[in-house]
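What follows is the residue order along each chain.
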Number of protein chains: 2
Amino acid sequence: MTQAGSRTFALVVEYDGAFTHGMQRQSGLPTVAGALDLALSTLLGQDIQVVVAGRTDAGVHARGQVVSFRTAALIDLRRMPVALSGMLRESHIAVLRAVERDADFSARRSALARTYRYRILNRLAPSPLERGRVFHVGARLDVEAMKAGAAMLVGEHDFAAFCASVPAGVVTRRTMTSLAVERDGDMIDIWLTADSFLHHMVRIIVGTLVEIGRGRREAGDIARLLVPATRSDAGFTAPAHALYLERVHYAEPL
Amino acid sequence: MTQAGSRTFALVVEYDGAFTHGMQRQSGLPTVAGALDLALSTLLGQDIQVVVAGRTDAGVHARGQVVSFRTAALIDLRRMPVALSGMLRESHIAVLRAVERDADFSARRSALARTYRYRILNRLAPSPLERGRVFHVGARLDVEAMKAGAAMLVGEHDFAAFCASVPAGVVTRRTMTSLAVERDGDMIDIWLTADSFLHHMVRIIVGTLVEIGRGRREAGDIARLLVPATRSDAGFTAPAHALYLERVHYAEPL
């Protein structure tokens, strides 16, 4: 329902997931979408409800979340990041870029893929400076075994075993474009790109890879989980606070 | 005063400066040294007062602070980081490594040099995920000019202009071994290594370099500040929360 004279805009958004109850609107709880709706409605003087690219869970961070909205109001794209970031400061949300898109652009429907990063601190001592930012695993992880397991997840598969709860009728096939496990000193970064992700899919994949890294599960075990299998066959759900939505991919980059 | 049978130990320590009132003991205020004294005294069952390598100001973080102490108590060096980090968790302090040194080792007197890092986020929007970790400068900084200014600070100079307050009789000559300004995307990291640093010296150097980066001061101006000059000739004091004590250097690396 494009109004006469209305234009479509996209925002690239960063936030600290510790301060929100997830991306989606919930009555009474602070959410990123709710905070953006309020700031945009105040700034533009009309009711705005943003469309969200990635429905991040409570506690999950974003460096490159994308939202879109339509408005006929006059918009100064250059001023928008600073103005909105100032309004959203106490919500721990910042707007990094604002761009205009074609009328039929939707942050969700137009997205071709999403890239998430999961950060593991793998050393004996925890890190006060990275608290709430990384998942601390004291036992030494075998990154080569984790890489072997990760490689088997790349491609088109039925990821039902890596989904917290599958609603009736939901297709659980997804295409994992890339899944990289990288060690840099004490940090292990896991980068995942797929067309879209099921509920808790990244965190269950990470939990399963950590079990492989600790030697509690064979890398080859992954093949059995893609038969498909059920949730209880896969590993634990890694904590939300070490997960970052890094980037949403579109035909025309933002 | 080495006791019979006592041995000397060094700890490498990380902490979040937001939660302390600096490194040095102050009655009634939480300090890193005070918290370490208490944890070690509890663990070892005797009164311990640590010697500190770098006297960081309130708000300044550390990834590689070093402290030393002597004890005749039995110590399990392998268990110590986990045990102490657990006790110090609510103080936002972690012990990364514990090693034994020669009897005459002192974290302060034996230190040959200190390396600090200062982190500047140079983009329009602030970063919720790096809040309290970086100094946000919205205006584009000219890193080449900052590098030119930084190069003039390397070597042995009288840094009196870069000292918050010079107590009577204190020598203000220091040797800056290296001073690197590096841009990586929106982040500018300034790395400084010197034999030792005067009060607020890193933060005044950074403030002066930021003024150069903003075009408010010529890079060549640095020469005039090393004549020497007085505090009011140099730039502003950059905030503490973006400064990190990264490493203390000894003849034998820790």
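Please read all numbers here as calculations on a predicted model, not as lab measurements.

### Details of unusual backbone geometry
Residues and elements named next belong to chain A.
Then comes step 1: With an omega of 10°, the peptide bond running from Val227 to Pro228 counts as cis.
Then comes step 2: Among the structural elements, Pro228 can be located in the loop between helix H5 (221-225) and strand E10 (243-249).
Then comes step 3: Even without being glycine, His92 reaches a positive phi, approximately 60°.

### A few points about the interface of chain A and chain B
Then comes step 1: Residue-level contacts link 27 residues of chain A with 27 residues of chain B.
Then comes step 2: Carbon and sulfur atoms make up 57% of the surface buried where chain A meets chain B, a total of about 2100 Å² over both sides.
Then comes step 3: When the buried surface of chain A facing chain B is broken down by residue, Pro128, Leu129 and Arg131 of chain A rank first, second and third, together holding 36% of it.
Then comes step 4: Taken together, the links from chain A to chain B amount to 2 salt bridges.
Then comes step 5: The salt bridge involving Arg123 of chain A is made with Glu14 of chain B; its shortest N-O contact spans 2.9 Å.
Then comes step 6: Elements that contribute at least two residues to the side of chain A that touches chain B include exactly strand E1 (7-15), strand E3 (61-71), helix H2 (80-87) and strand E4 (93-101) of chain A.
Then comes step 7: The greatest single-element share of the side of chain A that touches chain B, amounting to 4 residues, is contributed by E4 of chain A.
Then comes step 8: Here the side of chain A that touches chain B is composed, by residue class, of 13 nonpolar, 4 polar and 10 charged.

### Structural notes on the pattern of salt bridges
Then comes step 1: Applying the stated criterion across every chain, the model contains 32 salt bridges over all chains.
Then comes step 2: A salt bridge links Glu90 of chain A to Arg89 of chain A, with the shortest nitrogen-to-oxygen separation between them at 3.7 Å.
Then comes step 3: Overall, the relative accessible area of 61% leaves Glu90 of chain A in the exposed class.
Then comes step 4: Under the relative-accessibility criterion, Arg89 of chain A is labelled partly exposed at 44%.
Then comes step 5: One salt bridge connects Glu100 of chain B with Arg7 of chain B, and the closest N-O pair in it is separated by 2.7 Å. Of this pair, Glu100 of chain B sits in strand E4 (residues 93-101) while Arg7 of chain B sits in strand E1 (residues 7-15), and the two are 93 residues apart along the sequence.
Then comes step 6: Looking at Glu100 of chain B, the relative accessible area reads 34%, which means it is partly exposed.

### What to know about the relation of the copies chain A and chain B
Then comes step 1: Each copy of the sequence occupies a distinct position, and chain A is placed on chain B by a rotation of 180° and an axial shift of 0.0 Å, giving an RMSD of 0.0 Å. Expressed as an axis order, the relation between the two copies is that of a two-fold axis. Across chain A, the smallest distance between a C-alpha and the rotation axis is recorded for Glu130 of chain A, namely 5.1 Å.
Then comes step 2: The overlap is high: 100% of the interface residues of chain A also sit at the interface in chain B, so the same surface is used on both sides.

### Re the domain arrangement of chain A
Residues and elements named next belong to chain A.
Then comes step 1: Here chain A is partitioned into domain 1 (7-101) and domain 2 (113-249).
Then comes step 2: Between the C-alpha centres of domain 1 and domain 2 the distance comes to 27 Å.
Then comes step 3: With 14 residues of domain 1 at the contact, the number on the domain 2 side is 16 residues.
Then comes step 4: Around 1100 Å² of area is buried between domain 1 and domain 2 when both sides are counted, 50% of it from carbon and sulfur atoms.

Analysis parameters
- Residues take numbers from 1 onward in each chain, read along the sequence in its written order.
- Throughout, the order in which chains and ligands are written sets their labels, letters from A for the former and numbers from 1 for the latter.
- The predicted origin of the model limits local features to residues at a pLDDT of at least 70 and limits the giving and counting of side-chain atom pairs to 80 or more, whereas totals for whole chains, interfaces and linings rest on all residues.
- The basis for the side-chain values is all heavy atoms of the structure; hydrogens and waters are excluded.
- Runs of E in the DSSP output that reach at least two residues are strands. Runs of H or I that reach at least four are helices, and both are numbered from the N terminus.
- Contacts were defined at the residue level, with two residues in contact if any of their heavy atoms lie within 4.5 Å.
- By convention, the term buried area covers the 1.4 Å-probe accessible surface removed from two parts as they join, with the contributions of both added.
- Just to be clear on terms, a salt bridge is a Lys or Arg side-chain nitrogen sitting within 4 Å of an Asp or Glu carboxyl oxygen.
- Ten residues, namely Ala, Val, Leu, Ile, Met, Phe, Trp, Tyr, Cys and Pro, are considered nonpolar, four, namely Asp, Glu, Lys and Arg, are considered charged, and the remaining ones, Gly among them, are considered polar.
- Working definition: with a 1.4 Å probe on protein chains only, accessible area under 20% of the residue-type maximum means buried, over 50% means exposed, and in between means partly exposed.
- Least-squares fitting of one copy onto the other uses the C-alpha atoms of those residues that reach a pLDDT of at least 70 in both copies.
- Reported domain spans reflect what an automatic or database domain assignment gives.

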